[in-house]
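Observations on the model geometry
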Amino acid sequence: ELPVNIANNAVAISLAINGSVTNFEARPGDILAISVRAKNNSDSPIKNAVVKLKLDAPTLKKLALVDWAQIADPLDGTIIGEQVSEAMRRGTITWTKKEFKALAELKPNSDATIDLRLPLRTGQNYDLSALTTATISAEAKLTYTDKAGASQSLTAAPLQITVNSDLNFEARNERRQTPTGPEQYSFQWVLTNSFHALKNITITAAVFGNTSFTGASSTIGTVDFNPKDKTIVWRIDTLPVSIDVANFPFSITLDSVTPSQTALVSKVHITAEDTSTGRKIDFLSEETPLASASSTPNP
């Protein structure tokens, strides 16, 4: 038998980003929903609390991947930027009782929560491929005055955010207007990517209803269609950053219409491996409606 001691801090600070209190993954263009919570579990008030949030992010020409100019902070904390290395830039935001009155005094068994939103930049007007690292580090710190008048400080468990490549998928489709005969649909699956090279890319979807499939050659990779389960599989072994767009065109003929049928193609499942971070990218597109309007993209 081993004795176990459980210690509860009288005062605590916690940091959560996108609902996670542990390391997680993101992509360019994502919004970081950040929540910092200071809690007083002691039997006496704490005063003059100060909360600091620090983010170290990849940088390019002193512009961090975290877009501080687009911050949504209702409390309007004070932001300071610092270039800590050629590859990393630090942003620190501080809240005092001036910005958040609750920090003037936290009574016993009370807490104060600060919520803000910070977006990550996209490849638009920002060269993601030039970044040499893909990790964002986040840390929150609380300082306060205790009942004896002494200054105390503590730090929340830090978080690391691994930023994977900005792989995006779009299913473009157009219904061909034919006066007679079965309905025909032209499709084009489009992959875009500009951050990291990718490998083992697989795009799969199922075709619904009494249909016929006609595929064309993709710009990269191989395509298989299983007529039994009507599954389309587009495989790409490697996709370097130098190839920022890949296309696969095909056609579907609706030989007969089932009244209950509402979708023509299932949600498209996209998986890939980021060669820089070593992480797997996995997401779904929307279904393709049966009677889509001409030239209407279905991202």
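Notes on the structure follow. Everything numeric here is computed off the predicted structure, so don't read it as measured data.

1. As for the nonpolar core
In this structure, L15, I17, I34 and L53 are the most contacted members of the largest nonpolar core, which totals 45 residues. Secondary-structure elements contributing two or more residues to this core are β1 (11–17), β2 (24–26), β3 (31–40), β4 (46–60), β7 (88–95), β9 (110–119), β10 (135–145) and β12 (159–163). Examining the composition of this core, we find that seven residues originate from one element, β4, more than from any other. Contact partners of I17, with chain neighbours within four places excluded, come to F24, L32, A33, I34, A138, L159 and I161. Counting 30 residues, the second largest nonpolar core, distinct from the first, contains F169, A171, I236 and V268.

2. Quick notes on the pattern of salt bridges
Tallied over the full model, the rule gives eight salt bridges. A salt bridge links E139 to K54; the nearest nitrogen and oxygen atoms lie 3.6 Å apart. With E139 in strand β10 and K54 in strand β4, this pair connects stretches of sequence that are 85 residues apart. A residue is classified by how much of its surface remains accessible, and K54, at 25% relative accessible area, is partly exposed.

3. So, the pairing of strand β19 (residues 245–256)
Judged from the ten bridges that link them, strand β14 (residues 183–192) and β19 form a sheet pairing that is antiparallel. When the sheet's bridge partners are listed, L191 is paired in β19 with A246. As defined by bridge partners, strand β16 (residues 210–215) adjoins β19 across six bridges and the pair is classed as antiparallel. Bridged to T211 within β19 is L254.

4. Focus on the packing of aromatic side chains
All chains considered together, the criterion is met by eight aromatic pairs. Between F213 and F225, the aromatic rings sit 4.3 Å apart at their centres with planes inclined by 15 degrees, giving stacked as the arrangement. Taken together, the residues span a long stretch of sequence, with F213 in strand β16 and F225 in strand β17 (residues 222–226) at a distance of twelve residues. Using a relative accessible area of 28% as the deciding quantity, one classes F225 as partly exposed.

5. Topic: the sheet that holds β9
Across the sheet, three strands lie side by side as β1-β3-β9; this open sheet has antiparallel pairing. Looking at strand neighbours, the two that pair on one side only are β1 and β9, the edges of this open sheet. Neighbour to neighbour, the strand axes of the sheet diverge by 10 degrees on average, direction disregarded. Across seven bridges, the pairing between β1 and β3 is antiparallel. Residue pairing across strands places A16 opposite S35, the latter belonging to β3.

Cut-off values and rules
- Residues numbered from 1 in each chain as written.
- Predicted model: local features only at pLDDT ≥ 70, side-chain atom pairs only at ≥ 80, totals over all residues.
- Heavy atoms only, no water.
- Core = buried A, V, L, I, M, F, W, Y, C linked by side-chain atoms within 4.5 Å.
- Buried < 20%, exposed > 50% of the residue type's maximum accessible area, 1.4 Å probe, protein only.
- Helix = DSSP H or I, 4+ residues; strand = E, 2+ residues; numbered from the N terminus.
- Contact = heavy atoms within 4.5 Å.
- Salt bridge = Lys/Arg side-chain N within 4 Å of Asp/Glu carboxyl O.
- Pairing = 2+ DSSP bridges.
- Phe/Tyr/Trp six-rings, centres within 6.5 Å; stacked < 30°, edge-to-face > 60°.
- Axes fitted to C-alpha atoms, helices over the stretch in contact; angles between N-to-C directions.

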